[in-house]
Amino acid sequence: MTPLTPDGTDDQRMTQRRVLLTGAAGNVSRLLLPGLAGYSLRLTDRADRANSIPADPIPADSAGSAGSVEVRPGDLADPDFVAEVVAGMDTVVHLAADPSPQASWADLRGPNFDVVASVLEAALAAGVRRVVLASSVHAMGAYVRRGEVPIDPAWPPSPCCLYGTSKAFTEAIGRTYAYRTELSVVCLRFGGVQPRPGSVGGLPSWIGPEDLRALVVGAVEADAAKVPFGVYHGISANTRHEWDTGNATADLGYTPTMDSEAFAGSVSPDEERGLCAVGPLP
Ligand SMILES: NC(=O)C1=CN([C@@H]2O[C@H](COP(=O)(O)OP(=O)(O)OC[C@H]3O[C@@H](n4cnc5c(N)ncnc54)[C@H](O)[C@@H]3O)[C@@H](O)[C@H]2O)C=CC1
Ligand SMILES: O=C(O)[C@H]1OC(=O)[C@H](O)[C@@H](O)[C@@H]1O
């Protein structure tokens, strides 16, 4: 791997970094990509989603030079494809997964368990510096229902659903790779990633697009020697404070500026406490 120029400008550093984004045709990617415009990007998603992967240079959301964009469609369930698409990358931002809190074990075991393991294994083999793994607030959702807030990222996972369980696994296997190998792993527990929050119940766990971009860039850029592993809450600076983001500020330089309260008067009145419906597991 070519080392980055240590005294380069931020723009130079970004275009030198080769970043693979998985799940590039998805909803989080759509909001995230303008923040990654300065990187040399490789974007991947399933072939049947390829026409939703942006193929042209991404318009940046702030002044900055546009890096290159390469699109490589394929199925991450195939470990050979994973190895191929990870090769040559400095950083992997792994978003691809089943994002549904209603998903069953049968739905999740491939995309949210096996694929995570394949991505870490391929990244290690390829000499990748850092893997950023998409986790979710659902890994901690039981604390919300019990009203045990604000939630400290260092508390043990307490998933509210099997999807949350898959994210607790994601964090655990990431921690193992960081402990046993040279790979640095950063897990981001995103809240509701939306241009604006949808309901009153979603106000505490919202992360807006600008904060999402700043958090992921912070996770890509943080010095791997100083941050071999970490789990961070990806939440905006919401007035209805339920998620501690202090370690993200300290380690990743994340200083959120958006606040869901700005939308409080115009969201749906659904106030349900908890991220998931209660009832039998799927
Ligand atoms: N949307 C949200 O508010 C939140 C999302 N997350 C996490 O962020 C990540 C992205 O979520 P979204 O963009 O909302 O989901 P999405 O469903 O919109 O996008 C995920 C993408 O991953 C791709 N994918 C899944 N399995 C694949 C495979 N085997 N091979 C290749 N591509 C595959 C899908 O085709 C899809 O385009 C997920 O890991 C999700 O769990 C976490 C918290 C909140
Ligand atoms: O609970 C939330 O706000 C979000 O959390 C997630 O992890 C899910 O992937 C997304 O579908 C939810 O909308």
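Conventions we followed
Residues numbered from 1 in each chain as written. Chains lettered and ligands numbered in written order. Predicted model: local features only at pLDDT ≥ 70, side-chain atom pairs only at ≥ 80, totals over all residues. Heavy atoms only, no water. Pairing = 2+ DSSP bridges. Helix = DSSP H or I, 4+ residues; strand = E, 2+ residues; numbered from the N terminus. Axes fitted to C-alpha atoms, helices over the stretch in contact; angles between N-to-C directions. Patch = residues over 30% accessible without salt bridge, like charges linked within 9 Å, V, L, I, M, F, W, Y side chains within 5 Å. Areas by Shrake-Rupley, 256 points an atom, 1.4 Å probe, with all protein chains shown as cover. Salt bridge = Lys/Arg side-chain N within 4 Å of Asp/Glu carboxyl O. Lys, Arg positive; Asp, Glu negative; His and termini not counted. Charge placed at Lys NZ, Arg CZ, Asp CG, Glu CD. Parallel < 35°, antiparallel > 145°, perpendicular 65-115°, else oblique. Left-handed = near helix turned anticlockwise from the far one by under 90°. Contact = heavy atoms within 4.5 Å. Near = heavy atom within 4 Å. Polar contact = N/O pair within 3.5 Å; in protein donor to acceptor, adjacent residues only side chain to side chain. Nonpolar A, V, L, I, M, F, W, Y, C, P; charged D, E, K, R; others polar. Buried < 20%, exposed > 50% of the residue type's maximum accessible area, 1.4 Å probe, protein only.

A. Local environment of the sheet that holds strand E2 (residues 40-44). Spatially, seven strands are ordered E3-E2-E1-E4-E5-E6-E9 in an open sheet, and the strand pairing comes out parallel. Pairing within the sheet leaves two strands with one partner each, and these edge strands are strand E3 (69-71) and strand E9 (229-234). Sheet twist, expressed as the mean angle between neighbouring strand axes with direction ignored, is 20 degrees. Pairing of strand E5 (residues 130-136) with strand E6 (residues 184-190), which is carried by seven bridges, proceeds in the parallel orientation. Residue Leu133 lies in a different strand from E6, and its bridge partner there is Cys187.

B. Broad picture of a negative patch on the surface. Judged by side-chain charge, Asp48, Asp75, Asp78 and Asp80 come together as a negatively charged surface patch. With respect to the helices and strands, the residue Asp48 is situated in the loop between E2 and E3.

C. Structural view of the packing of helix H3 (residues 79-86) against helix H4 (residues 105-126). Taken N-terminus to C-terminus, the directions of H3 and H4 make an angle of 45 degrees; their axes are 9 Å apart at the nearest point. With respect to H4, the axis of H3 lies oblique. In this structure, H3 meets H4 at a crossing whose hand is right-handed. Note on element contacts: H4 touches H3 through Ser118, Val119, Ala122, Ala123 and Ala126, opposite Pro79, Val82, Ala83 and Val86.

D. Quick look at the site of ligand 1. Val28, Asp45, Leu95, Tyr163 and Lys167 are the nearest of the 25 residues found near ligand 1. Between ligand 1 and the protein, one listed contact pairs a nitrogen atom with a side-chain N or O atom of Asp75 at 2.9 Å. Its free accessible area being 820 Å², ligand 1 has 89% of it covered by the protein chains. Breaking the shell around ligand 1 down by element, the ones donating at least two residues are helix H2 (27-32), E5, helix H6 (162-180) and strand E7 (192-193). Of all the elements, E5 adds the most residues to the shell around ligand 1, at three residues. Partitioning the shell around ligand 1 into residue classes produces twelve nonpolar, eight polar and five charged.

E. Structural detail: the pairing of E6. Most of E6 sits out of view: seven of its seven residues are buried. Both faces of E6 are covered, namely the face carrying Ser184, Val186, Leu188 and Phe190 and the face carrying Val185, Cys187 and Arg189. The pairing of E6 with E9 spans six bridges and is parallel. In the strand pairing of E9, Cys187 is matched with Val231.

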